[in-house]
Amino acid sequence: MSGGAVAGLIASGAFAVLVLFACYVLYKLGKIFDEAAARVRQTGIVIDEGTARVRQAGATVDEVNVALAHVNKELDRIDAITANVQTVTTNVSSLTSLFAATLGGPIVRVAAFSYGVRQAVAKRAKADVSARVSAEMKAEKSQRRAARRAPEVTASGVGGRGRR
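Source: prediction; values computed, not measured.

Q: Please give an account of the overall build of the protein chain that cites residues and values.
A: A tally of regular secondary structure across the protein chain gives one helix and zero strands. Viewed in the frame of its principal axes, the protein chain has a C-alpha envelope of about 195 × 60 × 20 Å. Burial status across the protein chain gives 1% buried among its 164 residues. Surface summary for the protein chain: the accessible area is close to 14300 Å², and the carbon and sulfur share equals 66%.

See the structure below:
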């Protein structure tokens with residue numbers, strides 16, 4: 001074999017190794033592209049899920065806005081009710097002041113008078129009961145004295161002065 005043929009064989013062997021290396025690199029590059037495609041698909045799915053969540057959040061925000069609108073309407077009604085209650089309270093306070101000024105003095109006097117009458121009646125009844133009890137006690141005491149003196153008269157035969 002001549003020197004040119006050996007050089008050709010070496011060159012063809014080097015070219016074959018280079019082609020095999022290029023095939024290996026292309027194979028690995030294909031796997032990398034496949035993995036990147038899978039990641040892109042997963043990212044697309046995650047983005048779709050995120051988009052769905054954002055839509056749900058948007059719907060929730062819309063519902064919250066509707067609820068807040070209803071709450072604001074109710075608060076307006078409550079403000080009106082509160083204003084009416086305040087007016088009624090002012091009116092009742094004025095009526096109470098008017099009642100106290102007009103009828104309060106005479107009613108207090110009537111109440112004081114009726115209290116005095118009740119106290120006087122109670123004292124009178126107590127005095128009557130005390131007088132009755134006192135009279136009964138005196139009567140019982142007199143009866144006891146008379147009962148003690150009666151046996152003395154019969155025992156001595158004299159008018160009650162025999163034993164003293």
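Having seen the model, we can carry on.
Q: Hey, could you go over a positive patch on the surface for me, with residue numbers and the actual values?
A: A cluster of basic residues, K141, R144, R145, R148 and R149, forms a positive patch at the surface. One can find R148 in helix α1 (residues 3-156).

Q: Lay out the pattern of salt bridges with the relevant residues and their values.
A: One pass over the structure, following the stated rule, counts two salt bridges. R77 is the partner of E74 in a salt bridge, and the nearest nitrogen-oxygen pair spans 3.0 Å. In this pair, E74 and R77 both sit in helix α1, three residues apart, roughly one turn of the helix. Residue classification places E74 among the partly exposed positions, given a relative accessible area of 40%.

Q: Requested: an account of the environment of R148, with residues and values cited.
A: For R148, a relative accessible area of 56% gives the class exposed. Distance in space between the C-alpha atoms of R148 and A36 is 136 Å, their sequence separation being 112 residues.

Q: Just give me the short version of a nonpolar patch on the surface, but keep the residues and values in it.
A: A surface patch of nonpolar side chains, about 410 Å² in accessible area, is lined by V64, L68, V71, L75 and I78. By the element assignment, L75 lies in helix α1. Residue L75 is classed as partly exposed on the basis of its relative accessible area of 43%.

Q: Can you lay out the environment of A101 for me, pointing to particular residues and giving the numbers?
A: Topologically, A101 is positioned in helix α1. Residue classification places A101 among the exposed positions, given a relative accessible area of 65%. It is 93 Å that separates the C-alpha atoms of A101 and A37, two residues lying 64 residues apart in sequence.

Conventions we followed
Every chain is numbered independently, its residues counted from 1 as its sequence is written. The predicted nature of this model means local features are confined to residues of pLDDT at least 70 and side-chain atom pairs, given and counted, to a pLDDT of 80 or more, with totals for whole chains, interfaces and linings taken over all residues. Side-chain numbers here rest on the full set of heavy atoms in the structure, without hydrogens or water. Under the DSSP-based scheme used, a helix requires at least four consecutive residues in state H or I and a strand at least two consecutive residues in state E, with every element numbered from the N terminus. Between buried and exposed lies partly exposed: a residue is buried under 20% and exposed over 50% of the maximum accessible area for its type, with that area taken using a 1.4 Å probe on protein chains only. In short, Shrake-Rupley with a 1.4 Å probe defines the accessible areas, and a residue's cover is counted only from the protein chains shown. Residues form patches when they are more than 30% accessible in relative terms and have no salt bridge. Like charges link within 9 Å. Nonpolar side chains (Val, Leu, Ile, Met, Phe, Trp, Tyr) link within 5 Å. Salt bridge, as used here: a side-chain nitrogen of Lys or Arg that lies within 4 Å of a carboxyl oxygen of Asp or Glu. Counting rule applied: Lys, Arg positive; Asp, Glu negative; His and chain ends not counted. One atom stands in for each charge, and that atom is NZ of Lys, CZ of Arg, CG of Asp or CD of Glu.

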